[in-house]
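The lines below spell out each chain.
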Amino acid sequence: MNTQVLGNLALQPVEPKRQNIKHRYMEALTLIERLHRRLLDVIKDDFERTGEKEVNPVQALLLFNISDAELTAGELKTRGHYQGSNVSYNLKKLVEAGYVNHERSSADKRSVRISLTQKGREIRARVDSMYNRQLQAIEEVVGISAEEFERINKALTRLERYWTDQILYRL
């Protein structure tokens, strides 16, 4: 196995017995990214059909994930799938549009607690309703059962834990 050099980075060859898992790993990474983008498209389509123009799909997911909680932007980022600057920007827009309340912490003036307004709860309910409409079709048409989702979620959780360990322990 020869090591290929690209710029000053050496590309490590993959052992033939690992080629199959590498292919599956790369396919999974592509699917994860594509599924998230497709979910945003589904939310966008649902909102466009009903004339909702004030909230974009990322903001709708933020509202959904805030739910009934009162939390900080950092807590929201760790719960969801948001990039740091996007969370701040989108929260600012949601506050300005009246979907989110924000209040500075009395203990730590740098920390801002956020929660949904009535307007925000309405958008959250719309996203929840959309998910509920999809549940029957996912099981009956697509053929994905609760057990299969459990296996998928378990595998994705292990992958997330592995990536987290890569960062924390510099593996």
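Residues numbered from 1 in each chain as written. Predicted model: local features only at pLDDT ≥ 70, side-chain atom pairs only at ≥ 80, totals over all residues. Heavy atoms only, no water.

(A) Representation of the overall build of the protein in the model. When helices and strands are tallied, the protein shows six helices and four strands. For the protein, the succession of helices and strands along the chain, N to C, is β-β-α-α-α-α-β-β-α-α. The C-alpha atoms of the protein give 20 Å as radius of gyration, which overshoots the globular expectation for 171 residues (16 Å, by more than 25%). Here the protein holds 171 residues, and the buried ones make up 21% of them. Once local pairs closer than 6 in sequence are excluded, the contacts in the protein between residues at least 24 apart make up 48%. A total of about 12900 Å² of accessible surface is found on the protein, and carbon and sulfur atoms cover 52% of it. Considering the protein, the positive charge centre built from 28 side chains and the negative charge centre built from 24 side chains are found 6 Å apart. (Helix = DSSP H or I, 4+ residues; strand = E, 2+ residues; numbered from the N terminus. Rg over C-alpha atoms; globule rule 2.2 N^0.38 Å. Buried < 20%, exposed > 50% of the residue type's maximum accessible area, 1.4 Å probe, protein only. Contact = heavy atoms within 4.5 Å. Areas by Shrake-Rupley, 256 points an atom, 1.4 Å probe, with all protein chains shown as cover. Lys, Arg positive; Asp, Glu negative; His and termini not counted. Charge placed at Lys NZ, Arg CZ, Asp CG, Glu CD.)

(B) Summary view of a negative patch on the surface. A cluster of acidic residues, Glu 139, Glu 140, Glu 147 and Glu 150, forms a negative patch on the protein surface. Looking at the negative patch, the elements with two or more residues in it are α5 (118–142) and α6 (146–168). Relative to the elements of secondary structure, Glu 139 occurs in helix α5. (Patch = residues over 30% accessible without salt bridge, like charges linked within 9 Å, V, L, I, M, F, W, Y side chains within 5 Å. Salt bridge = Lys/Arg side-chain N within 4 Å of Asp/Glu carboxyl O.)

(C) Main features of the nonpolar core. If you look at the biggest cluster of nonpolar residues, it comprises 22 residues, and the most contacted ones within it are Leu 63, Leu 76 and Val 100. Those elements that provide at least two residues to this core are α1 (19–49), α2 (57–66), α4 (84–96), β4 (112–116) and α5. Examining the composition of this core, we find that six residues originate from one element, α2, more than from any other. (Core = buried A, V, L, I, M, F, W, Y, C linked by side-chain atoms within 4.5 Å.)

(D) Broad picture of the environment of Glu 70. By the secondary structure assignment, Glu 70 is in the loop between α2 and α3 (73–79). The spacing of Glu 70 and Leu 40 is 30 residues in sequence and 24 Å in space, taken between C-alpha atoms.

(E) Layout of α1. Its 31 residues give α1 an end-to-end C-alpha distance of 44 Å, which sits within 8% of 45 Å, the value for a rise of 1.5 Å per residue. Of all the positions in α1, only Leu 40, Ile 43, Asp 46 and Phe 47 are classed as buried. Residues of α1 that are buried make contact with α2 and α5. The positive-phi residue at the C-terminal boundary of α1 is Gly 51, with phi of around 80 degrees. (Expected span 1.5 Å × (residues − 1).)

(F) Highlighting a nonpolar patch on the surface. A cluster of nonpolar residues, Tyr 25, Met 26, Ile 32, Phe 149, Ile 152, Leu 156, Tyr 162 and Trp 163, forms a patch on the protein surface that exposes about 690 Å² of accessible area. Listed by contribution, the elements that provide at least two residues to the nonpolar patch are α1 and α6. Per element, the largest residue contribution to the nonpolar patch is five residues, and it comes from α6. Topologically, Trp 163 is positioned in helix α6. A residue is classified by how much of its surface remains accessible, and Trp 163, at 34% relative accessible area, is partly exposed.

(G) View of the side chain of Asn 90. With respect to the helices and strands, Asn 90 occurs in helix α4. Since its relative accessible area comes to 6%, Asn 90 is described here as buried. Here Gln 59 takes part through its side chain, which lies 3.1 Å from a polar atom of the side chain of Asn 90. Non-local contacts of Asn 90, meaning those with residues more than four positions away in its chain, are made with Asn 56, Val 58, Gln 59 and Leu 62. (Polar contact = N/O pair within 3.5 Å; in protein donor to acceptor, adjacent residues only side chain to side chain.)

(H) Quick look at α6. Relative to the 33 Å expected for 23 residues at 1.5 Å per residue, α6 spans 32 Å between its end C-alpha atoms, a close match to the ideal helical length. Of the residues flanking the end of α6, it is Arg 170, one or two places downstream, whose phi is positive at about 45 degrees.

(I) Region of the structure containing the pattern of salt bridges. Per the counting criterion, the structure on display carries twelve salt bridges. Ionic pairing is found between Arg 24 and Glu 27, a salt bridge with its closest N-O pair at 3.5 Å. Of this pair, Arg 24 and Glu 27 both sit in helix α1, three residues apart, roughly one helical turn. On the basis of relative accessible area, Arg 24 is assigned to the partly exposed category, the value being 47%. Its salt-bridge partner being Asp 45, residue Arg 49 comes within 2.7 Å of it at the nearest N-O pair. With Arg 49 and Asp 45 both in helix α1 and four residues apart, this pair spans about one turn of that helix.

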